[in-house]
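Residues per chain, in single letters:
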Amino acid sequence: VSSDVPVYAIADGTIATSGFASGYGGVMVIKHEIGNRTLYAVYGHLRLPSMLKVGSTVTKGGQIAVLGTGYSQETDSERRHLHFGIATKNTIIGYTNNKSELNSTWVDPISLYK
């Protein structure tokens, strides 16, 4: 895909953190209030100049950035793809080998709709 691939917010919120992180390239954390809980959505492998500024308000379904260029520093030299996670605090963690290595701050998105 040679055209820009937009990335959208999962819910209304505020940009808590954005910038470059090793293993993620361009990364953004959005603070959301979902189901009476404060949760943080982490979006990785984004094109840095396309990301909204820290403190910006976002709406559900609103564009927040575009995916980074494949096989570049923006995607940690991998194909173009999005890394996404939901956490209970403003945090960024690296890769894990299995579910048991995840700490208690990460939320299974499916659990939000049960």
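Residues numbered from 1 in each chain as written. Predicted model: local features only at pLDDT ≥ 70, side-chain atom pairs only at ≥ 80, totals over all residues. Heavy atoms only, no water.

Caption draft 1: Up close: the pattern of salt bridges. Following the criterion strictly, the structure yields one salt bridge and no others. Measuring nitrogen to oxygen at the nearest pair gives 2.8 Å for the salt bridge that ties R47 to D4. With R47 in the loop between strand 4 (37-46) and strand 5 (57-58) and D4 in the segment before strand 1 (6-8), this residue pair connects regions lying 43 residues apart in the sequence. Using a relative accessible area of 47% as the deciding quantity, one classes D4 as partly exposed. (Salt bridge = Lys/Arg side-chain N within 4 Å of Asp/Glu carboxyl O. Helix = DSSP H or I, 4+ residues; strand = E, 2+ residues; numbered from the N terminus. Buried < 20%, exposed > 50% of the residue type's maximum accessible area, 1.4 Å probe, protein only.)

Caption draft 2: The pairing of strand 7 (residues 83-87), seen in detail. Among the five residues in strand 7, four count as buried, and that is most of the element. As judged from the five bridges shared by strand 4 and strand 7, these two strands associate in the antiparallel manner. In the strand pairing of strand 7, V42 is matched with G85. (Pairing = 2+ DSSP bridges.)

Caption draft 3: Broad picture of the confidence of the model for the protein chain. Averaged over all residues, the pLDDT of the protein chain equals 84, while 79% of them reach at least 70. For the protein chain, the element scoring lowest by mean pLDDT is strand 7, at 87; strand 5 scores highest, at 98. (pLDDT = per-residue confidence, 0-100.)

Caption draft 4: Just the sheet that holds strand 2 (residues 13-21), in detail. Ordered by their spatial adjacency, five strands build an open sheet running 5-2-3-4-7, and the pairing between neighbours is antiparallel. Lying at the two open borders of the sheet, with one neighbouring strand each, are strand 5 and strand 7.

Caption draft 5: View of the side chain of S72. Tracing the backbone through its elements, the reader meets S72 in the loop between strand 6 (63-66) and strand 7. Classification of S72 as buried rests on a relative accessible area of 17%. At a separation of 3.1 Å, a polar atom in the side chain of S72 contacts the main-chain amide nitrogen of E74. (Polar contact = N/O pair within 3.5 Å; in protein donor to acceptor, adjacent residues only side chain to side chain.)

Caption draft 6: Spotlight on the packing of aromatic side chains. Enumeration over the complete set of coordinates arrives at one aromatic pair. Seen in terms of ring centroids, Y43 and F84 are 5.3 Å apart; in terms of plane orientation they differ by 65 degrees. Their pairing is edge-to-face. In this pair, Y43 is assigned in strand 4 and F84 in strand 7, connecting sequence segments 41 residues apart. On the basis of relative accessibility, which here comes to 1%, the residue Y43 falls in the buried class. What makes F84 partly exposed here is its relative accessible area of 37%. (Phe/Tyr/Trp six-rings, centres within 6.5 Å; stacked < 30°, edge-to-face > 60°.)

Caption draft 7: Structural context of the nonpolar core. Counting 13 residues, the largest nonpolar core has V7, M28, I30, Y43, L46, V58 and I64 as its most contacted members. When residues of this core are traced back to their parent elements, those giving at least two are strand 3 (25-34), strand 4 and strand 6. Looking at which element gives the most residues to this core, the answer is strand 4, with three residues. In this structure, I30 is in contact with G13, T14, I15, A16, L39, Y40, A41, Y43, V58 and I64, ignoring residues within four places of it in sequence. (Core = buried A, V, L, I, M, F, W, Y, C linked by side-chain atoms within 4.5 Å. Contact = heavy atoms within 4.5 Å.)

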